[in-house]
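Here is what each chain is made of, one letter per residue.
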Amino acid sequence: MGPIVGWHEFIGMLRRRGPVMAAVLVICILAALMMAMALPRAYQSIAVIQVQPTLLSGGLDSEDTANRLRLIEQRIMARSNVLDMMSRYNLYDAAPDLSEDQRVGQFREDVRINFIPAVGGIPGAEMDVSAMQVTVRAGRSADAANLANDISRQILSGNAQARGRRLAELIDTLESEDRRVLQEIAALEAEVAAFRNANVERMPENLEYLMAEQTRLESQRSELIRSLQELERERLALEVGTAETGRPAPVAQQ
């Protein structure tokens, strides 16, 4: 067969080979449809859980949040929990030839829990996490949707329980610290009271009273000094009068 030149030869070729080409095309389409119908049906369901920073830490505990969610993922994908979910949703009943280990492995392939990093981060438990994506593939659409919702509820409840335990531990720590601080404050107040009682005159609040008392005592001292000087003068006068007369002064004068 030579090269096709012009539209007349191309149309003539279609007239000659058209039925054969149409038959081959129909056979390929039917074979593809039969193969597609023979393949087992699979449905996929995706659930997304948004992770927000807690108000308690002001968004600074992203590493702790990621580690907590990673531990929750490990508990969900544990063998006992996987067997429980397969039993509740009757998964892989259509494949009785699969062993228990094979079913667990197939479940872990069909169910994926992915961490979506925050803007500017990279995937990993130690980095910031903005959301979790639960992807479930099952033979029935209802099983895929129900299993995705069940795993999402397990993640939320596990996270709530972990945060509750952490808050309880934090509250216990703060209460014990508060009791310790109160005991130290009471001990310091006792020491201050004892010091005040032992050094009343040195306290600043007694300064005005102490200054007034000092002024009063100095005034009394001045009076006593003047009285003492007068008595000294009188004594000297008596001694001088006795020496001049040679006899003791009268009792009245003394």
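Refer to the preceding data block for the structure.
A. Region of the structure containing the overall build of the protein chain. Tallying secondary structure elements over the protein chain gives six helices and three strands in all. Counting from the amino terminus, helix and strand elements in the protein chain follow one another as α-β-α-α-α-β-β-α-α. For the protein chain, restricting intrachain contacts to residue pairs at least 6 apart in sequence, the fraction spanning at least 24 positions comes to 61%.

B. Representation of the nonpolar core. If you look at the biggest cluster of nonpolar residues, it comprises 27 residues, and the most contacted ones within it are I76, F107, M132, L147, I151 and I155. What M132 contacts, discounting residues up to four positions off in sequence, is A47, V48, I49, V51, L69, I113, N114, F115 and I155.

C. The arrangement of the pattern of salt bridges in detail. As enumerated under the stated definition, the model contains ten salt bridges in all. Close ionic contact of R79 with D101 constitutes a salt bridge, the shortest N to O distance being 2.6 Å. Pair noted here: R79 is in helix α3 (residues 79-89) and D101 is in helix α4 (residues 100-110), with a separation of 22 residues, a long-range link. Overall, the relative accessible area of 52% leaves D101 in the exposed class. Here D84 ties to R88 by a salt bridge, and the two come within 2.9 Å at their closest N and O atoms. Separated by four residues within a single helix, D84 and R88 lie in helix α3, roughly one turn from each other. Look at R88 and you get partly exposed, because its relative accessible area is 40%.

D. Summary view of the packing of α3 against helix α5 (residues 141-198). At a minimum axis separation of 11 Å, α3 and α5 run at an interaxial angle of 140°. Relative to α5, the element α3 is oriented oblique. The handedness of the crossing between α3 and α5 comes out as right-handed. Where α3 approaches α5, its residues N81, M85, R88 and Y89 are matched on the opposing element by D143, N146, L147, D150, I151, R153 and Q154. Across the contact of α3 with α5, the residue classes tally to four nonpolar, three polar and four charged.

Conventions adopted
- Residues numbered from 1 in each chain as written.
- Predicted model: local features only at pLDDT ≥ 70, side-chain atom pairs only at ≥ 80, totals over all residues.
- Heavy atoms only, no water.
- Helix = DSSP H or I, 4+ residues; strand = E, 2+ residues; numbered from the N terminus.
- Contact = heavy atoms within 4.5 Å.
- Core = buried A, V, L, I, M, F, W, Y, C linked by side-chain atoms within 4.5 Å.
- Buried < 20%, exposed > 50% of the residue type's maximum accessible area, 1.4 Å probe, protein only.
- Salt bridge = Lys/Arg side-chain N within 4 Å of Asp/Glu carboxyl O.
- Axes fitted to C-alpha atoms, helices over the stretch in contact; angles between N-to-C directions.
- Parallel < 35°, antiparallel > 145°, perpendicular 65-115°, else oblique.
- Left-handed = near helix turned anticlockwise from the far one by under 90°.
- Nonpolar A, V, L, I, M, F, W, Y, C, P; charged D, E, K, R; others polar.

In short, geometric facts, not functional conclusions.
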